[in-house]
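# Geometric and topological summary
Spelled out, the chains give:
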Amino acid sequence: MGPKTQRVYETIRSWIESGRYSPGDKLPSERALSAELEIGRTALRQVLARLSNEHFIKAHDRSSYRVLGGESVPTPAELEPWKIHGSRHVYENRWVNLDLVDVEPPGVDRFEHHVVRLFRVAITAVIDDQDRVLMLWRYRFVPQQWGWELPGGIVDAGEDAATTAARETEEETGWRPGPVEHVVSYQPMIGMVDSPHEIFVARGAEKVGEPTDAEEAGEIAWIPLDDIPRLMAEGKLMGSGTLVALLHILASRSRGAR
């Protein structure tokens, strides 16, 4: 892609990222874009093809494109939910609760279903200006494995999850993150385990001391984002929170959302 074509690509992309064209909006016709941007139709189509491959736009019909993001997936009609007839505690301590829940799925006989209930956790991916992410190299005895993880921990009672995200990062790494931004909430094992996860991203951090959480201590490093796919393929990234956060960042990065 030549310099002029690259400039046209950056111009159209900036229109989308700045909100000049919102998700679902139709871009001007190829004829109009060619005239406005002073570029030939062949070169313009190269630009549009690249924007389409990077999921900024989608071909709507011949010589017509729409900005992605405005489409909505229709919600299926609600089906009959499972009936819950009651529950009883089997075991509980300060970390975990185990319940037996009396459930009745539609068309199925009642039975008792084990449910593990854990506390809400907050996990933070801190990215610096060199496109590196702050991570810890830890040993986890349950899978008996070493691996890279993002800092995170349990949200204390009455504490905001964003506060937890920043606090845990500082306690575990000695780095105080910049403002944290919530990006996604999810449940990692929704069939049997109730374990709400909150994922945050922060840009930049300040070194304020050494880690203060001895139990969670590990080797601390800034890992280049370009190395994440390889580490993932090698099985060196542990925990669903780490994977969800980093996949979100890589997906946003591929679309130019810095």
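The structure we're discussing is the one just above.
The structure contained in this document is the topic of the report that follows. (Residues numbered from 1 in each chain as written. Predicted model: local features only at pLDDT ≥ 70, side-chain atom pairs only at ≥ 80, totals over all residues. Heavy atoms only, no water.)

### Observations concerning the sheet that holds strand β12 (residues 193-194)
Worth spelling out the cut-off: In this analysis, strands are considered paired if DSSP registers two or more bridges between them. Elements are defined by DSSP. Helices are runs of H or I of four residues or more, strands are runs of E of two residues or more, and each kind is numbered from the N terminus.
Sheet architecture is open: 4 strands sit in the order β3-β4-β5-β12, paired in mixed fashion. With partners counted over all chains shown, the strands left at the sheet margins are β3 (83-92) and β12, one partner each. Strand direction decides the pairing type here: β3 and strand β4 (residues 96-104), joined by 8 bridges, are antiparallel. When the bridges of β4 are listed, His 89 appears paired with Asp 99.

### Details of helix α2 (residues 30-37)
We count it as follows: Throughout, exposure labels follow a simple rule: accessible area from a 1.4 Å probe, protein chains only, divided by the maximum for the residue type, with under 20% read as buried, over 50% as exposed, and the rest as partly exposed. It is the directions from the helix axis to the C-beta atoms that the arc portrays.
Of all the residues in α2, the buried ones are Glu 30, Leu 33, Ser 34 and Leu 37. Down the axis of α2, the sector holding all buried residues measures 100°, keeping them to one side. Every exposed residue of α2 that faces more than 90 degrees away from the buried side is listed here: Arg 31 and Ala 35. Looking one or two places after α2, you find Glu 38, whose phi comes out positive at around 55°.

### Considering the packing of α2 against helix α3 (residues 41-53)
Two numbers describe a pair of packed helices, the interaxial angle and the distance between the axes. Note the threshold: Between N-to-C directions, angles cover 0 to 180 degrees, with each direction set by a line fitted to C-alpha atoms, over the stretch in contact for helices. Angular relationships are summarised with four words: roughly parallel below 35 degrees, roughly antiparallel beyond 145, roughly perpendicular across 65 to 115, and oblique for the angles in between. Any two residues having at least one pair of non-hydrogen atoms within 4.5 Å are treated as being in contact. Gly falls in the polar group here, along with every residue not listed as nonpolar (Ala, Val, Leu, Ile, Met, Phe, Trp, Tyr, Cys, Pro) or charged (Asp, Glu, Lys, Arg).
Relative to each other, α2 and α3 sit at 105°, their axes nearing to 10 Å. Viewed along their axes, α2 and α3 adopt a mutual orientation that is roughly perpendicular. Between α2, through Glu 30, Arg 31, Leu 33 and Ser 34, and α3, the contact on the second element is made entirely by Arg 41, Leu 44, Arg 45 and Leu 48. Along the lines of polarity and charge, the residues of the contact of α2 with α3 split into 3 nonpolar, 1 polar and 4 charged.

### Quick notes on the nonpolar core
For the record, the criterion: Among buried residues, those of type Ala, Val, Leu, Ile, Met, Phe, Trp, Tyr and Cys that are joined through side-chain atoms within 4.5 Å constitute a nonpolar core.
Ranked by internal contacts, the top residues of the largest apolar core, which has 19 residues, are Val 133, Met 135, Leu 150, Ile 228 and Leu 246. Counting 18 residues, the second-largest nonpolar core is a separate cluster that includes Trp 15, Ile 16, Val 47 and Leu 51.

### Focus on the pattern of salt bridges
The condition that has to hold: Each salt bridge in this description consists of a side-chain nitrogen of Lys or Arg and a carboxyl oxygen of Asp or Glu lying within 4 Å of one another.
Scanning the entire structure with this criterion turns up 22 salt bridges. Notably, a salt bridge pairs Arg 20 with Glu 36, separated by 3.3 Å at the nearest N-O pair. Of the two residues, Arg 20 is situated in the loop between α1 (3-18) and α2 and Glu 36 in helix α2; the sequence distance between them amounts to 16 residues. Since its relative accessible area comes to 42%, Arg 20 is described here as partly exposed. Under the relative-accessibility criterion, Glu 36 is labelled partly exposed at 42%. Across the salt bridge formed by Arg 117 and Asp 99, the nearest N and O atoms sit 2.8 Å from each other. Here Arg 117 is found in strand β5 (residues 111-118), whereas its partner Asp 99 is found in strand β4, with 18 residues between them in sequence.

### Structural notes on a nonpolar patch on the surface
Condition: A patch consists of residues whose relative accessible area exceeds 30% and which take part in no salt bridge; residues with like charges are grouped when within 9 Å of each other, and nonpolar side chains (Val, Leu, Ile, Met, Phe, Trp, Tyr) when within 5 Å. Here the accessible surface of atoms and residues is derived via Shrake-Rupley with a 1.4 Å probe, and residues count as covered only by protein chains that are part of the display.
Taken together, the side chains of Tyr 139, Phe 141, Val 142 and Trp 146 present a nonpolar region at the surface, about 520 Å² in accessible area. Inspection of the secondary structure puts Tyr 139 in strand β7 (residues 132-140). On the basis of relative accessible area, Tyr 139 is assigned to the partly exposed category, the value being 41%.

### A closer look at the packing of aromatic side chains
Our working rule: Stacked, edge-to-face and tilted labels apply to pairs of Phe, Tyr and Trp rings (six-membered ring for Trp) whose centres lie within 6.5 Å, assigned for plane angles under 30 degrees, over 60, and everything in between, in that order.
Tallied over the full model, the rule gives 6 aromatic pairs. Pairing Trp 82 with Phe 111 gives two aromatic rings, centres 6.2 Å apart and planes at 70°, and the pair type is edge-to-face. One end of the pair, Trp 82, is in the loop between β2 (64-67) and β3; the other, Phe 111, is in strand β5, with 29 residues separating them in the sequence. Taking the relative accessible area as the measure of exposure, Trp 82 reaches 47% and is therefore partly exposed. Taking 5.5 Å as the distance between ring centres and 55° as the angle between the ring planes, the aromatic pair formed by Tyr 139 and Trp 146 counts as tilted. Ring-pair connections join several aromatic residues into one group, and the members of that group are Trp 137, Tyr 139, Trp 146 and Trp 148.

### As for the environment of Met 238
As for its position among the elements, Met 238 is in the loop between α5 (228-233) and α6 (240-254). Since its relative accessible area comes to 8%, Met 238 is described here as buried. Residues in contact with Met 238, not counting those within four places in the same chain, are Arg 138, Arg 140, Gln 145, Trp 146, Gly 147, Trp 148 and Glu 149.

### Some details on the pairing of strand β13 (residues 197-203)
When you tally the buried positions in β13, you get 6 out of 7 residues, the bulk of the element. As paired strands, strand β11 (residues 180-186) and β13 are joined by 6 bridges and run antiparallel to one another. Note on β13: the bridge partner recorded for Val 180 is Ala 202.

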